[in-house]
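So the chains spell out like this:
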Amino acid sequence: MRGQTLLGAAVMALLLAGCTPAAEPSTPEASPSVTESPTATVEPTTEPVVDPLTIPECEIMVPLALAKAQFSESTESRGEMTVAEYPVRFDVPGVTGALVGAETFRACAWAVPNSDGFFALAVASTTAGTRTSLQAELTAAGFASTTMGTVTAFELEGEGAVSTIGATYLFTGDVLIACNGTSLSLTGAITGSALDAMRTANPSLGL
């Protein structure tokens, strides 16, 4: 009986074991998909291109017909001048320093033959520091100033040894336009003509 009992118990255990559901094969977990982020394109930085300053020829800035109309029918062009030759009216030493230190410069003269009548024009590039110091010096010397649009003008007229003298200085952008002559009507017209020529020759500089 004990043998049967043990056998029955063993059979029962086997039956119970057979009734246990077999474990299902494990399903491998899917690996998370990796999404590649787009690579950012770095645009190369470039400095803005600034066109070089161009100063036209003397006869373009001041045509001879204009010089004759503003000064004398006998006026002749005397061509270009050096910085050392350019006359500075009134006591403004900084003008010569500004012209000497200019990266780009041109000066021109017109005169009446066999007389002391003449006028001169100078056009030069400037720096911010040069403009600030020269404008302060012009103000201290008694020049009146006015600003219209992009242009600041300094003007002064007085008595010279022989006749009246006048000087006009125009500042626009990085440019100085100066004229020394016998009156402000003359120097104003000459610097105005030079300004127009400079704007035509340098359309991208906003003069």
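Look above for the structure.
Structure report, in brief. Only a predicted model underlies this, so the values are computations on that prediction, with no experimental measurement involved.

For the rest of this paragraph, the subject is the overall build of the chain. Across its full length, the chain holds 6 helices and 7 strands. Reading the helices (α) and strands (β) of the chain from amino to carboxyl end gives α-α-α-β-α-β-β-α-β-β-β-β-α. The proportion of buried residues among the 207 residues of the chain is 34%. Of the contacts formed within the chain by residues at least 6 apart in sequence, a portion of 57% connects residues at least 24 apart. With an accessible surface of roughly 12,700 Å², the chain has 58% of that area assigned to carbon and sulfur atoms.

Our focus in this paragraph is the pairing of strand 7 (residues 175-181). Where burial is concerned, most of strand 7 is hidden: 7 out of the 7 residues are buried. Sheet analysis places strand 3 (residues 118-125) next to strand 7, joined by 6 bridges and oriented antiparallel. Residue Ala124 lies in a different strand from strand 7, and its bridge partner there is Leu176. Bridge analysis of strand 6 (residues 164-172) against strand 7 gives 7 bridges, and the strand direction is antiparallel. Across the sheet, the residue bridging to Gly166 is Gly181, located in strand 7. The antiparallel hairpin formed by strand 6 and strand 7 contains 2 residues in its connecting segment, where Gly173 sits at a positive phi of about 60 degrees.

The next point concerns the pattern of salt bridges. Under the defined criterion, the tally for this structure stands at 3 salt bridges. For Arg106, the salt bridge goes to Glu80, with nearest N and O atoms at 3.0 Å. Residue Arg106 is found in strand 2 (residues 105-111), and its partner Glu80 is found in strand 1 (residues 76-81); the two are separated by 26 residues along the sequence. Judged by relative accessible area, which is 17%, Arg106 ranks as buried. By sharing partners, the salt bridges in this structure join Glu57, Glu80 and Arg106 into a single network.

Turning our eyes to something else, we now look at the packing of aromatic side chains. Per the stated rule, a full pass over the model turns up 5 aromatic pairs. Aromatic side chains Phe90 and Phe143 sit 5.7 Å apart centroid to centroid with 85 degrees between the ring planes, which places their arrangement in the edge-to-face category. Remark: Phe143 occurs in the loop between helix 5 (128-140) and strand 4 (144-148) and Phe90 occurs in the loop between strand 1 and helix 4 (94-100); sequence separation between them is 53 residues. Plain terms: the ring middles of Phe143 and Tyr169 are 5.7 Å apart, the flat faces sit at 65 degrees to each other, and that makes the pair edge-to-face. Placement of the pair is Phe143 in the loop between helix 5 and strand 4 and Tyr169 in strand 6, with a sequence separation of 26 residues. Note on Tyr169: relative accessible area 0%, which makes it buried. Site record: aromatic cluster; members linked through ring pairs are Phe71, Trp110 and Phe119.

Simply put, the disulfide is a covalent bond whose two ends are the sulfur atoms of two cysteines. Scanning the entire structure with this criterion turns up 1 disulfide. For Cys58, the disulfide goes to Cys108, at an S-S distance of 2.1 Å. The sign of the S-S torsion, about -85 degrees, decides the handedness of the disulfide formed by Cys58 and Cys108: left-handed. Linking Cys58 in helix 2 (residues 58-61) with Cys108 in strand 2, this pair joins segments that are 50 residues apart in sequence. By the burial criterion, Cys58 is buried, and Cys108 matches it.

Our focus in this paragraph is the pairing of strand 6. Summarising burial for strand 6: 8 of the 9 residues are buried, a large majority. Examined bridge by bridge, strand 5 (residues 151-159) and strand 6 share 9 bridges and lie antiparallel to one another. Following the sheet pairing, Val151 is matched in strand 6 by Thr172. Here strand 5 folds back onto strand 6 in antiparallel fashion, the turn holding 4 residues.

Calculation notes
- Residues numbered from 1 in each chain as written.
- Predicted model: local features only at pLDDT ≥ 70, side-chain atom pairs only at ≥ 80, totals over all residues.
- Heavy atoms only, no water.
- Helix = DSSP H or I, 4+ residues; strand = E, 2+ residues; numbered from the N terminus.
- Buried < 20%, exposed > 50% of the residue type's maximum accessible area, 1.4 Å probe, protein only.
- Contact = heavy atoms within 4.5 Å.
- Areas by Shrake-Rupley, 256 points an atom, 1.4 Å probe, with all protein chains shown as cover.
- Pairing = 2+ DSSP bridges.
- Salt bridge = Lys/Arg side-chain N within 4 Å of Asp/Glu carboxyl O.
- Phe/Tyr/Trp six-rings, centres within 6.5 Å; stacked < 30°, edge-to-face > 60°.
- Disulfide = S-S within 2.5 Å.

The values are spatial; any link to function lies outside them.
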